[in-house]
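Coordinates in review
Here are the chains, one letter per residue:
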Amino acid sequence: MKIALGLGCDRGTTQATLHQAVALALARCGAGWQDVAAAASITLKADEAGLLALADAQGWRLHFYAPQELARVPVPHPSEIVRRYTGTPSVSEAAALLAARATAGALLVEKLKHLGTDGRNATVSIARMSHD
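Quick look at the structure, then. (Residues numbered from 1 in each chain as written. Predicted model: local features only at pLDDT ≥ 70, side-chain atom pairs only at ≥ 80, totals over all residues. Heavy atoms only, no water.)

On to the overall build of the protein chain, then. Across its full length, the protein chain holds five helices and five strands. The linear arrangement of helices and strands in the protein chain, starting from the amino end, is β-α-β-α-β-α-α-α-β-β. Computed over its C-alpha atoms, the radius of gyration of the protein chain comes to 13 Å, within 12% of the 14 Å expected for a compact globule of 132 residues. The proportion of buried residues among the 132 residues of the protein chain is 49%. The contacts in the protein chain between residues at least 6 apart in sequence include a share of 65% that link residues at least 24 apart. By element, 52% of the accessible surface of the protein chain is carried by carbon and sulfur atoms, the whole surface being about 6500 Å². Measuring between centres, the 13 positive side-chain charges of the protein chain sit 3 Å from its 11 negative side-chain charges. (Helix = DSSP H or I, 4+ residues; strand = E, 2+ residues; numbered from the N terminus. Rg over C-alpha atoms; globule rule 2.2 N^0.38 Å. Buried < 20%, exposed > 50% of the residue type's maximum accessible area, 1.4 Å probe, protein only. Contact = heavy atoms within 4.5 Å. Areas by Shrake-Rupley, 256 points an atom, 1.4 Å probe, with all protein chains shown as cover. Lys, Arg positive; Asp, Glu negative; His and termini not counted. Charge placed at Lys NZ, Arg CZ, Asp CG, Glu CD.)

Written out as structure tokens, the structure is:
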């Protein structure tokens, strides 16, 4: 099974916190690191050191989507707080679905939020890749 990760995080989230969040999300849906075929986030995170370090360590090429692209994706858990800060009601769920080229029914992990020992939150969503 090939999957796409959607990743969101507080500014300054460490690679370790992001790694833990992804590990928890993978375990929740019974997937492994080797199943990740795509990883994505919002353009606002294109310079996020922890996110870039995790992608580099895993050999992932991160895809970054603009807030208006993410905002067009119907998701099960939109957030007004997220919209206020980013311009879209969803980062992780919408990014996972765009990267998977899939609809909300493909979400295996909807929105796992993890508070790391660094005091920062990471959010991970996982979608099954569409077979175009």
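Once the structure has been displayed, the description carries forward.
Take the side chain of Thr13 next. Tracing the backbone shows Thr13 in the loop between strand S1 (3–9) and helix H1 (15–29). Overall, the relative accessible area of 2% leaves Thr13 in the buried class. Excluding its chain neighbours within four sequence positions, the residues that come into contact with Thr13 are Leu18, Glu48, Gly50, Asp118, Arg120, Asn121 and Ala122.

Our focus in this paragraph is helix H5 (residues 92–100). Every α-helical turn comprises 3.6 residues, leaving residues that sit three or four positions apart pointing alike. Extensive coverage of H5 is indicated by the burial of eight of its nine residues. When H5 is considered as a whole, its buried residues turn out to be Ser92, Glu93, Ala94, Ala95, Ala96, Leu97, Ala99 and Ala100. Packed against the buried residues of H5 are S1, strand S2 (36–42), strand S3 (62–65), helix H3 (67–71), strand S4 (107–115) and strand S5 (121–128). Within two residues after H5, Arg101 carries a phi angle of roughly 50°, on the positive side.

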